[in-house]
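Examination of the molecular architecture
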Amino acid sequence: MKKVYVAMSADIIHQGHLKVIDAARNLGDVIVGLHTDDVIRDYWRNPIMKYEERKEVVSNIKGIVSVVPQDSLDQVPNLIELKPDYVVHGDDWLEGSQKELRERVIDAIKEWGGELVETPYTHGVSISKLDEELMQIGITPQMRMKGLKELIYSKKPVRILEAHNGLTGLIVEKTKVEKDGKIKEFDGMWISSLCDSTAKGKPDIELVDLTSRLNTINDILEVTRKPIIVDGDTGGQIEHFVYTVKTLERLGVSAIIIEDKTGLKKNSLFGTDVIQTQDTIEHFSDKIRAGREARATSDFMIISRIESLIAGAGMDDAINRAKAYIEAGTDGIMIHSKEKDGKEIVEFCRRYNEFENRVPLIVVPTSYNFMKEDELVDLGINVIIYANHLIRSAYPAMVNTAKSILENERSKEASVNCMPIKEILTLIPGGM
Ligand code: SPV
Ligand code: MG
């Protein structure tokens, strides 16, 4: 029998896959190079089914004799090892970002007289459409919740963007760009206290109460599937915090981040322009421990946010607190800084990385926004939160529209910057 190689992700199997496999099995024994979870995460998103589950499904398809891990998009290393007589692929890689991968395959198999067979692309099935259908089915709280921890321990960076209502949740859920042959998207949502408060026209001083925050979270949960990290402010009284943990975990939120401040909370980006009082290490550690005890599963993460650099307490204090909070059992450390040059963050990371019992590190690069994701990853950072950018970009656009209507005494001029009526009517499916 001839050897036939087919590479695929097979995260959602559809008739397009079956056509490719059918063409392959007519040529010989089919070996599937199954993309590993890391490959899928790297070029697209967290796979719905993990490698072993996908392997089980694929192994049971008629004609497939073996499944081997395909641990990059480049098939060549596997091809050199297996020397198949045929490589089968859909003809959708003739153009676009996959073209180079195709050329590498052709060059490689030439060596032993292998042949590339391309099957016509199956129109009418689209993974993004199937994804949308999955969205309709929804996601269980448990599945959504554990998604964040899985991502943190398998992918760098985990990229999070703020959402403050259902619509911004959808933007975080669905926005994709294709760059360097990979599909880039956000991994989850940050329910910022600043943005949630601002959207309600209120100051960011823990004035918007938990019930109201839960309404926002619920609106977002209803229309999305990606993991959610909640900005828990100070976490409040320990006796209250344990209830917050239970409630968020029950809803399927993945993590709460609480900051080590006390008294009337002020936004960190004010720095020392306002009074920022830090909690004692002992009391905040008690809060972390109480939160850990309150949760039902370790899938729900309790992350500690250190405000020493914000409150002017210095680097040594930040490092000491990180050690203490890890001792208390925190699932992650968020270090905040409002310095524009990023030097504090670099220094903190250098010292933090020397810890033997380091836990995932989270940053909010609002002030040091010149730093690119790669640079932050090189510093050992696991999660990057873009904490306020959707509301900050929406507000000026809305004010400009309001001003334009006043100035022009009609909306014609403002309409240029508005999305067409037809688009807004169909933006959210199911309205017709
Ligand atoms: C938020 O987004 O509410 C935060 C981050 O807590 S910051 O505004 O930078 O303090
Ligand atoms: Mg906040």
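About the criteria used
- Residues numbered from 1 in each chain as written.
- Chains lettered and ligands numbered in written order.
- Predicted model: local features only at pLDDT ≥ 70, side-chain atom pairs only at ≥ 80, totals over all residues.
- Heavy atoms only, no water.
- Helix = DSSP H or I, 4+ residues; strand = E, 2+ residues; numbered from the N terminus.
- Buried < 20%, exposed > 50% of the residue type's maximum accessible area, 1.4 Å probe, protein only.
- Areas by Shrake-Rupley, 256 points an atom, 1.4 Å probe, with all protein chains shown as cover.
- Lys, Arg positive; Asp, Glu negative; His and termini not counted.
- Charge placed at Lys NZ, Arg CZ, Asp CG, Glu CD.
- Polar contact = N/O pair within 3.5 Å; in protein donor to acceptor, adjacent residues only side chain to side chain.
- Contact = heavy atoms within 4.5 Å.
- Axes fitted to C-alpha atoms, helices over the stretch in contact; angles between N-to-C directions.
- Parallel < 35°, antiparallel > 145°, perpendicular 65-115°, else oblique.
- Left-handed = near helix turned anticlockwise from the far one by under 90°.
- Pairing = 2+ DSSP bridges.
- UniProt positions renumbered as here; feature names shortened; annotations may be inferred.
- Donors = N, O, S within 2.8 Å, 3.2 Å for Na, K, Ca; no water.
- Near = heavy atom within 4 Å.
- 1 Å grid on protein atoms, 1.4 Å probe; cavity = no way out; pocket = protein on both sides within 12 Å on 5 of 7 lines; lining within 4 Å.
- Sits in = over half its atoms within 2 Å of the grid points.
- Nonpolar A, V, L, I, M, F, W, Y, C, P; charged D, E, K, R; others polar.
- Arc of directions from axis to C-beta.
- Domains from an automatic or database assignment.
- Buried area = accessible area lost by both parts, 1.4 Å probe.
- Salt bridge = Lys/Arg side-chain N within 4 Å of Asp/Glu carboxyl O.

As a further point, take the overall build of the chain. Looking only at helices and strands, the chain has 19 helices and 17 strands in total. Each principal axis of the C-alpha atoms in the chain carries an extent, and together these give about 75 × 65 × 40 Å. Classification of the 432 residues of the chain by burial places 50% in the buried group. Just so you have it, the chain exposes about 21500 Å², and 53% of that area is on carbon and sulfur atoms. With 56 positive and 69 negative side-chain charges, the chain shows a spacing of 2 Å between the two charge centroids.

Let us now look at the side chain of glutamine 276. For glutamine 276, the position within the fold is in the loop between strand S12 (261–262) and strand S13 (277–278). Residue classification places glutamine 276 among the buried positions, given a relative accessible area of 12%. Of note is the side chain of glutamine 276, whose polar atom sits 3.2 Å from the backbone oxygen of asparagine 267. Aside from chain neighbours lying at most four places away, what touches glutamine 276 is Lys261, Lys266, Asn267, Ser268, Phe270, Gly271, Ile310 and Ala311.

Taken N-terminus to C-terminus, the directions of helix H8 (residues 166–174) and helix H10 (residues 210–223) make an angle of 45°; their axes are 8 Å apart at the nearest point. Accordingly, the angle class assigned to the pair H8 and H10 is oblique. The interaxial crossing formed by H8 with H10 has right-handed handedness. Contacts from Gly166, Gly169 and Leu170 in H8 reach Asp219, Ile220 and Val223 in H10.

A few words on the sheet that holds strand S10 (residues 228–231). Pairing is parallel in the closed barrel, where eight strands are placed in the order S6-S9-S10-S11-S14-S15-S16-S17. The average angle at which neighbouring strand axes cross in this sheet is 25°, direction not considered. Relative to strand S16 (residues 361–363), strand S15 (residues 332–335) is paired through three bridges, and the arrangement is parallel. Residue pairing in the sheet places isoleucine 333 in a bridge with leucine 361 of S16. Across the sheet, H8 touches strand S6 (158–162) and strand S9 (188–191), and the angle it forms with S9 is around 150°. Its contacts with the sheet place helix H11 (residues 238–251) against S10, strand S11 (255–259) and strand S14 (301–306), and it is angled at close to 155° to S11.

We now examine the UniProt feature "domain: Cytidyltransferase-like" (unreviewed entry) in the chain. In the numbering used here, UniProt assigns the feature "domain: Cytidyltransferase-like" (unreviewed entry) to residues 10–103. Between the first and last C-alpha atoms of residues 10–103 the distance is 23 Å; the span itself is 41% helix and 20% strand.

Another aspect to go through is the coordination of the magnesium ion (ligand 2). The protein atoms that coordinate the magnesium ion (ligand 2) are Ser193 (OG) and Asp231 (OD), at distances spanning 2.0 to 2.1 Å. Here aspartate 231 lies in strand S10 and serine 193 lies in helix H9 (residues 193–199), a separation of 38 residues in the sequence. Across the pair, aspartate 231 and serine 193 agree in class, each one buried.

Taken together, Trp190, Ser192, Ser193, Leu194, Asp231, Asn267, Ser268, Leu269, Arg305, His336 and Ala387 form the complete shell of residues around ligand 1. Arginine 305 is positioned such that a nitrogen or oxygen atom in its side chain is 2.7 Å from an oxygen atom of ligand 1. Between ligand 1 and histidine 336, the relevant distance is 2.7 Å, taken from an oxygen atom to a side-chain nitrogen or oxygen of the residue. Isolated, ligand 1 exposes 280 Å² of accessible area, and the fraction of that covered by the protein chains is 100%. Given that more than half its atoms are within 2 Å of the pocket grid, ligand 1 belongs to the largest cavity. Across the shell around ligand 1, the residue classes break down as four nonpolar, five polar and two charged.

This next bit is on helix H1 (residues 15–25). Looking at H1, one finds that the buried residues are Gly16, His17, Val20, Ile21 and Ala24. One face of H1 carries all of its buried residues, which in axial projection span an arc of 135°. Considering only its buried residues, H1 is in contact with strand S1 (3–8), strand S2 (29–35), strand S3 (64–70), strand S4 (86–90) and strand S5 (115–119).

Bringing the domain arrangement of the chain into the picture now. Partitioning the chain into structural domains gives domain 1 (3–127), domain 2 (138–387) and domain 3 (393–427). Measuring from the centre of the C-alpha atoms in domain 1 to the corresponding centre in domain 2 gives 38 Å. When domain 1 packs against domain 2, close to 930 Å² is buried across both sides, 49% of that on carbon and sulfur atoms. In this structure, the connection of domain 1 to domain 2 is made through two salt bridges. Lysine 182 serves as the salt-bridge partner of aspartate 42, at 3.1 Å between the closest nitrogen and oxygen. Inspection of the domain 1/domain 2 interface yields three residue pairs in polar contact (both at pLDDT 80 or more). By residue class, the composition of the side of domain 1 that touches domain 2 is four nonpolar, two polar and five charged.

With that out of the way, let us pick up the pattern of salt bridges. By the definition in use, this model includes 30 salt bridges. Of the charged contacts in the structure, one is a salt bridge between lysine 155 and aspartate 187, with a shortest N-O distance of 2.8 Å. Of this pair, lysine 155 sits in the loop between helix H7 (141–152) and S6 while aspartate 187 sits in the loop between strand S8 (182–185) and S9, and the two are 32 residues apart along the sequence. The salt bridge involving aspartate 233 is made with lysine 265; its shortest N-O contact spans 2.8 Å. Linking aspartate 233 in the loop between S10 and H11 with lysine 265 in the loop between S12 and S13, this pair joins segments that are 32 residues apart in sequence. Considered together, aspartate 233 and lysine 265 belong to a single accessibility category, that of buried residues. Salt bridges sharing partners connect three or more residues here, namely Asp196, Lys200, Asp204, Arg213, Asp233 and Lys265.

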